[in-house]
Amino acid sequence: MTSLTQNNEAPDREKTPSSDAHRAGNRGWSRRAFLSGTALTFCGLATSRAEALREGEGMAVGHGDAPWYPLNVPTETSAALRELTCAPALVDMGDGRLRGVLAYNGRFPGPTWIARTGDWVTVKLLNGLNEPTITHWHGLVVNYPNDGGPLLAIGPGSSYDYNFQVKQRAGLNFYHPHPHMLTGKQVCLGLAGAFIVRDAEEDALVLPSGVYEVPLVIRDASFDNRGNLAYNPTTSGFNGRFPLVNGTLRPMLKVDRGVYRFRVLNGANARVFRLALDNGVPFTVIGNDGGLLRSPVSISPIDLGMGERLDVLIDFSAVGAGQTVTLRCLAAKWDLIQFVGTGAPGVPYSAPATLSTIAPLAGPSVPTRTFTFDGMSRINGLEYDPYRVDFRVSFGVTERWRFTTGGNAPHPVHVHGASFQVVSRTGGRGKLYAWESGWKDTVLLSDKETVDVLIRFDAYRGEYDGQYVMHCHQLEHEGMGMMTNFKVI
Ligand code: C2O
Ligand code: CU
């Protein structure tokens, strides 16, 4: 705290809010932050760099007259990435200030992994935090030692070696920390990223690609009085004061007159986004958590729960130079990102009526198991105990799981170790949405809802390899104990 005014290191180093400067800024600062010592606490980092951060600056965010900043597009990396370091970093969220976050490889969000089905991922996680962490590959079906569950957490200065093959179909996955009771804090302070899998079925569709395919990691955030990310949950979870997309404040993206493919992830701790475009044009949804849908779905708005993903096409061919379209959250009444027309020709695309072949799971018509999401911390009346295994599932057998809640929603229910097919929702909203078809690993349970899914674990089994968790992806609920251990045997 005493060194606040003595630090003269490069304040306001990146004034120009161009995407390139943004990315370069991320890279340079994080490296220095990490090299300056793994023992630095988040607060320690913030104060030692505090000259770059003006007190109270967070207060200005979200006011209508603030400028728009170019969207950060997280750098792509191949499955050959060998090291993933979690550490404090200073990043530019677009407005030229350096703000303290926790970052993967210094990026906020972390690098976007691109892998193909069949690729091997061999990566060393390095813990540069001052507390335990472990990384979970949300949506990737891997065995227990690669799944990053709570019991695998490693201490400060330690490392963990992952080695797994990507066996599943194309889709957008989500990597983030999963240490017991620390997930909410670490995700909120910045540790999260996208993991994209590609395959031949997707290739055959020749979807918009390159600059026309853009990940959108949407979350909410708050700053402390120095402008660093803050984690200050209330009893109902973390509710940030403003949105961030790919770590950019008030983001804008210049769009040509063509079709874009957006890979959307709700990376918030506790906020459901009600997504819609301000021009009233519906989204063309082509995929969700587990990859492509059978057929495109035209819909708006979409309530996207925490941990859920969307693959959407948006056609900007009618957007002329300087015209804008805004992606909004109707629930929070937030502008999430503004698309600004360049007037330049883009690439047309029209999705075929059949995108993918998805065989429906055949399973029981009555639930095999029922899970009640009680209060804010219990499943079937029990809080999580890392060492208690609550049930065992037979390998290769399709079961029908029923998720139900009386209240305290949203409870986005997430299962590790397999994707499922959602078959019904009763109570509450009382219906399924077409975009929830296909394969999912997270399904939103609103108040008084009962959702049935069919699920079959057919990848990994055994007392060790087949151990997984199922939990609420409202991360404060998860941290308080709304999680259960099971084994596939
Ligand atoms: Cu996205 Cu078990 O988590
Ligand atoms: Cu919950």
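For clarity, every value in this text was computed on a predicted model and none was experimentally measured.

## Describing the coordination of the copper ion (ligand 2)
Angles at a metal have ideal values that depend on geometry: 109.5 degrees with four tetrahedral donors, 90 or 180 degrees with six octahedral donors. Within the protein, His-411 (ND1), Cys-472 (SG) and His-477 (ND1) serve as the donor atoms for the copper ion (ligand 2), at 2.0 to 2.1 Å. Here the donor residues for the copper ion (ligand 2) map to a single chain with the spacing H-x60-C-x4-H. With His-411 in strand β27 (residues 411-415) and Cys-472 in strand β31 (residues 467-472), the pair connects residues that are 61 residues apart, well separated along the chain. When its relative accessible area of 0% is taken as the criterion, His-411 is described as buried.

## Remarks on the side chain of His-138
Mapped onto the elements of the fold, His-138 is located in strand β7 (residues 135-138). Looking at His-138, its side chain comes within polar contact range of the side chain of Arg-309, at 3.2 Å. With near-sequence residues (within four places) excluded, His-138 lies in contact with Asn-173, Phe-174, Tyr-175, His-176, Gly-307, Arg-309, His-414, Asp-441, Thr-442 and His-473.

## Comments concerning the environment of Arg-82
If you trace the backbone, Arg-82 turns up in the loop between β2 (76-78) and β3 (83-92). For the pair formed by Arg-82 and Leu-125, sequence separation is 43 residues and the distance between their alpha carbons is 8.7 Å. Filtering out sequence-adjacent residues up to four positions away, Arg-82 remains in contact with Thr-122, Val-123 and Lys-124. A polar contact of 3.2 Å, which involves the side chain of Arg-82, links it to the backbone oxygen of Thr-122.

## Some details on the environment of Ile-489
When you line up the elements, Ile-489 lands in the segment after β32 (483-488). Classification of Ile-489 by relative accessible area gives partly exposed; the value is 36%. Taking the C-alpha atoms as reference, Ile-489 lies 9.2 Å from Asp-465; in sequence the two are 24 residues apart. With residues near it in sequence (within four places) discarded, Ile-489 still touches Arg-392, Val-393, Ser-394, Phe-395, Arg-461, Gly-462 and Glu-463.

## A word on the sheet that holds strand β21 (residues 324-329)
Judged by pairing direction, the sheet is mixed, and its six strands sit side by side in the order β1-β14-β22-β21-β16-β19 without closing on themselves. For this open sheet the edge positions go to β1 (69-70) and β19 (302-304), each flanked by a neighbour on one side alone. Bridge analysis of strand β16 (residues 273-277) against β19 gives three bridges, and the strand direction is antiparallel. What sits directly across from Leu-275, in β19, is Ile-302.

## Overview of the packing of aromatic side chains
The tally for this structure, following the rule as stated, stands at 29 aromatic pairs. Here the aromatic rings of Trp-113 and Trp-137 are separated by 5.4 Å at their centres, their planes lie at 80 degrees, and the arrangement is edge-to-face. A residue pair is termed long-range when its members are at least 10 positions apart, and Trp-113 in strand β5 (residues 112-116) and Trp-137 in strand β7 qualify at 24 residues. Of the two residues examined, Trp-113 and Trp-137, each falls in the buried class. Ring geometry for Trp-113 and Tyr-175: centres 6.2 Å apart, planes at 80 degrees, overall edge-to-face.

## Observations regarding the pattern of salt bridges
Scanning the entire structure with this criterion turns up 28 salt bridges. Between Asp-203 and Arg-116 there is a salt bridge, with the nearest N and O atoms lying 2.7 Å from each other. Highlighted residues: Asp-203 in helix α4 (residues 200-203) and Arg-116 in strand β5, separated in sequence by 87 residues. The class for Asp-203 is partly exposed, based on a relative accessible area of 38%. Connected via shared salt-bridge partners are Arg-198, Glu-202, Glu-213, Arg-261, Arg-263 and Asp-311.

## Some words on the environment of Ser-300
Within the secondary structure, Ser-300 sits in the loop between β18 (291-299) and β19. Spatially, the C-alpha atoms of Ser-300 and Val-281 are 7.7 Å apart, while their sequence positions differ by 19 residues. Among residues more than four places away in sequence, those in contact with Ser-300 are Leu-275, Ala-276, Pro-282 and Phe-283.

## Quick word on the sheet that holds strand β4 (residues 98-104)
What the four strands build is an open sheet, ordered β4-β3-β6-β8; its pairing is mixed. Since the sheet does not close on itself, it has two edges, and those belong to β4 and β8 (159-165), each with one partner. Put simply, the sheet's adjacent strands are angled 30 degrees from each other on average, direction ignored. In the sheet, strand β6 (residues 120-127) pairs with β8 via seven bridges, with the strands oriented antiparallel. In the strand pairing of β8, Trp-120 is matched with Gln-165.

## What about the pairing of β32?
Taking burial as the measure, the six residues of β32 include six buried ones, the bulk of the element. Burial of the side chains of β32 extends over both faces: Met-483, Asn-485 and Lys-487 are buried on one face and Thr-484, Phe-486 and Val-488 on the other. Bridging between β31 and β32 involves five bridges; their strand directions are antiparallel. Note on β32: the bridge partner recorded for Tyr-468 is Phe-486.

## Re the pairing of strand β12 (residues 242-245)
Of the two faces of β12, the one holding Phe-242 and Leu-244 and the one holding Pro-243 and Val-245 are both buried throughout. In this sheet, β12 lies alongside strand β11 (residues 213-221) in antiparallel orientation, the contact comprising four bridges. Among the inter-strand pairings, Asp-220 is bridged to a residue of β12, identified as Pro-243. For β12 and strand β13 (residues 248-249), the ladder comprises two bridges, and the chain directions are antiparallel. Each bridged residue has a counterpart across the sheet, and for Val-245 the counterpart in β13 is Thr-248. Joining the antiparallel neighbours β12 and β13 is a turn of two residues, in which Asn-246 adopts a positive phi near 50 degrees.

Calculation rules
Residues numbered from 1 in each chain as written. Chains lettered and ligands numbered in written order. Predicted model: local features only at pLDDT ≥ 70, side-chain atom pairs only at ≥ 80, totals over all residues. Heavy atoms only, no water. Donors = N, O, S within 2.8 Å, 3.2 Å for Na, K, Ca; no water. Helix = DSSP H or I, 4+ residues; strand = E, 2+ residues; numbered from the N terminus. Buried < 20%, exposed > 50% of the residue type's maximum accessible area, 1.4 Å probe, protein only. Polar contact = N/O pair within 3.5 Å; in protein donor to acceptor, adjacent residues only side chain to side chain. Contact = heavy atoms within 4.5 Å. Pairing = 2+ DSSP bridges. Phe/Tyr/Trp six-rings, centres within 6.5 Å; stacked < 30°, edge-to-face > 60°. Salt bridge = Lys/Arg side-chain N within 4 Å of Asp/Glu carboxyl O. Axes fitted to C-alpha atoms, helices over the stretch in contact; angles between N-to-C directions.

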